[in-house]
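# Report on the structure
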Amino acid sequence: MASGYLLNRGALTLGIHCQRVCRDISLSQVREKKRWMKAYTYLMAKKLKLEGPPPPTPRSQQPHWDYHAEIQAFTHRLHENFSLELLKTVFTNPCYLQMEQEKRKGLGVESETAALVLKDNMQLSKKGSAFAESFLIDWCRASFPSLPAIGVESIVGHLTSPAVITYVAKNLGIEDLTMSAEFPVPDDVLCSTFMAVIGALQESSGAERTGLFLRDFLVTQLIGKDLFDMWTVVNPMGLLVEELTKRKIPLPEPRLIRSAGASTVLPLYFVGLYSDKKLLAQGPGETLAAAEEEAARVALRKLYGYTENRRPFDFSPQQQQQQQPFIQSASN
Amino acid sequence: MTSRGTPSRFLRSVLQNGVGRYVCQLKRISIVFSKKAQSSLGARDFIEEGVVDYANKNPGTVVYVSPQPCRVPKIVAEYLNGNVREETITSKTSQQISELLTKLTNQSGLEIIHIRKPFHTDSPSIQGLWHPFTNRPLSIGPIRGFSMHDF
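Residues numbered from 1 in each chain as written. Chains lettered and ligands numbered in written order. Predicted model: local features only at pLDDT ≥ 70, side-chain atom pairs only at ≥ 80, totals over all residues. Heavy atoms only, no water.

Per an unreviewed UniProt entry, chain B goes by Large ribosomal subunit protein mL43 and derives from Pundamilia nyererei. Its UniProt record gives chain B the following Sequence similarities (unreviewed entry) comment, quoted word for word: "Belongs to the mitochondrion-specific ribosomal protein mL43 family." Quoted verbatim from the Subcellular location (unreviewed entry) heading of the UniProt record, the comment on chain B is "Mitochondrion". (UniProt positions renumbered as here; feature names shortened; annotations may be inferred.)

Under an unreviewed UniProt entry, chain A has the name Large ribosomal subunit protein mL44 and belongs to Pundamilia nyererei. In its Subcellular location (unreviewed entry) section, UniProt records this for chain A: "Mitochondrion". What UniProt records for chain A under Sequence similarities (unreviewed entry) is the sentence "Belongs to the ribonuclease III family. Mitochondrion-specific ribosomal protein mL44 subfamily."

Encoded structure:
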């Protein structure tokens with residue numbers, strides 16, 4: 001009886017409301033309290049508790065998905081023009097192609113009858129990552145002219161690290177469009193897909209627009225970040241001494257400026273660094289050594305121009321286009 | 001500090017949206033409605049009149065229209081940060097549905113929970129945050145209790 005009801009639970013309304021006269025219950029749906037519902041719900045809850053939640057499935061295998069429409073929306077959303085042919089290769093990863101080949105071999109389909117005409121995105125990805133690195137290095141050097149090469153490298157390394165790139169890619173909807181063998185998409189696959197997007201943008205729209213794209217999505221991840229979060233400096237005092245000798249400024253002398261609670265559990269010391277009796281920087285710390293190190297870090301931030309109160313980065317839209325009208329009006 | 005029973009978050013944007021270019025955070029909406037039921041009347045009117053205009057105005061959002069036998073018509077909105085919001089449109093008029101859609105389009109996709117502060121800044125201070133040692137002349141020694149000869 002119950003199995004009969006279960007079978008017909010999914011049956012659509014046929015428009016025929018049979019009365020419960022005949023014993024054959026296959027065509028009747030009765031608006032009664034379903035006696036099997038409680039047992040069924042409890043059983044499913046028990047099964048969920050035992051087995052855990054079902055594994056996540058990619059968005060392309062869930063209802064309401066049209067790949068072509070999704071790709072078009074992706075281009076419009078980012079206000080960019082990609083050529084659609086390039087985009088088809090951008091999201092195809094080599095692991096996906098391998099999986100497809102193996103499926104076809106497994107099904108016994110010959111490679112002549114149904115050849116895979118898809119290209120993978122390795123070339124575009126390499127091109128994109130090379131361009132991204134060079135653009136970010138140039139941008140860093142332009143924004144922080146006094147930052148040494150190691151500092152620039154560490155900032156660029158942080159911006160192109162898998163953590164930051166996967167975060168950006170997931171929040172731009174690239175994970176849904178990626179075609180890869182495994183789900184959830186592994187970090188390195190997602191990174192290479194993002195770089196392939198950059199490469200495709202470079203081929204379709206040119207270096208300028210790709211630079212603006214990188215500025216709008218990667219450089220914004222620097223907002224709120226401190227220099228020494230990205231660049232681990234083991235001996236800030238030594239680095240400061242090097243920098244000052246390069247600029248021919250007298251070497252720093254640390255002096256205790258303030259102290260409070262020296263005999264308590266939470267002492268506070270302010271150490272100031274003086275070069276030629278003028279204050280370079282001061283920093284706080286729980287012990288004298290920690291305060292001196294912090295003062296050296298503050299001095300380095302001031303030297304490299306990476307303080308918290310520096311002039312913010314320029315994210316104005318399409319600054320090049322704004323410059324041209326000025327030139328035209330000047331010539332007229 | 002007391003904590004309230006409901007979750008709360010700070011004011012933020014997804015991926016610093018708006019600092020560089022503005023990206024509409026709504027990536028797809030699915031309108032699920034019934035072809036014959038009374039409650040989907042507004043939804044059917046909206047599909048006839050307004051959905052094409054909406055799709056043309058928002059080229060970055062994919063619109064899926066799905067007539068299926070269902071009691072409760074709904075709009076499922078998916079955002080770029082992965083959040084999915086379902087809104088029921090039972091017995092709403094076409095005008096109300098389009099207003100609801102503009103509201104969903106302008107949202108960022110972050111959870112609609114209590115926002116602790118209506119402001120956020122990454123550079124809270126230009127001249128440096130005040131601490132008890134700011135503007136204290138160096139000739140005074142360490143911070144001690146109140147003593148008469150300071151004045």
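## Examining the confidence of the model for chain B
Averaged over every residue, the pLDDT of chain B is 91; the share at 70 or more is 90%. For this predicted complex, the interface confidence reaches an ipTM of 0.89, while the overall pTM sits at 0.85. (pLDDT = per-residue confidence, 0-100.)

## Let's talk about the interface of chain A and chain B
By convention, interface size is frequently given as the accessible area that disappears when the constituent parts associate. Contact with chain A, which involves 38 residues of that partner, is made by 37 residues of chain B. Interface of chain A and chain B: buried area, both sides summed, is about 3100 Å²; carbon and sulfur atoms make up 56% of it. Contact with chain B buries area across many residues of chain A, yet His64, Arg77 and Arg258 of chain A alone supply 23% of it, more than any other trio. With a closest N to O distance of 2.9 Å, Glu78 of chain B and Arg59 of chain A form a salt bridge. Linking chain A with chain B are 15 residue pairs in polar contact (both at pLDDT 80 or more). Among the elements of the structure, α3 (67–77), α8 (162–170), α11 (207–217), β1 (253–260) and β2 (268–275) of chain A are those that each provide at least two residues to the side of chain A that touches chain B. For the side of chain A that touches chain B, the element with the highest residue contribution is α3 of chain A, accounting for 5 residues. Considering only residue class, the side of chain A that touches chain B consists of 18 nonpolar, 10 polar and 10 charged. (Contact = heavy atoms within 4.5 Å. Buried area = accessible area lost by both parts, 1.4 Å probe. Salt bridge = Lys/Arg side-chain N within 4 Å of Asp/Glu carboxyl O. Polar contact = N/O pair within 3.5 Å; in protein donor to acceptor, adjacent residues only side chain to side chain. Helix = DSSP H or I, 4+ residues; strand = E, 2+ residues; numbered from the N terminus. Nonpolar A, V, L, I, M, F, W, Y, C, P; charged D, E, K, R; others polar.)

## Thoughts on the layout of surface pockets
In this structure, the largest pocket spans a volume of roughly 1300 Å³. What lines the largest pocket is a set of 38 residues, among which Thr307, Glu308 and Asn309 of chain A together with Ser125 and Gly128 of chain B lie closest to the centre. The dominant element in the lining of the largest pocket, judged by the number of residues it contributes, is strand β3 (residues 278–285) of chain A, at 6 residues. Residues from two domains meet in the lining of the largest pocket; each of domain 1 (67–110 + 118–227) and domain 2 (233–304) of chain A gives at least three. (1 Å grid on protein atoms, 1.4 Å probe; cavity = no way out; pocket = protein on both sides within 12 Å on 5 of 7 lines; lining within 4 Å. Points joined across faces, edges and corners; volume = space filled by probe spheres on them. Domains from an automatic or database assignment.)

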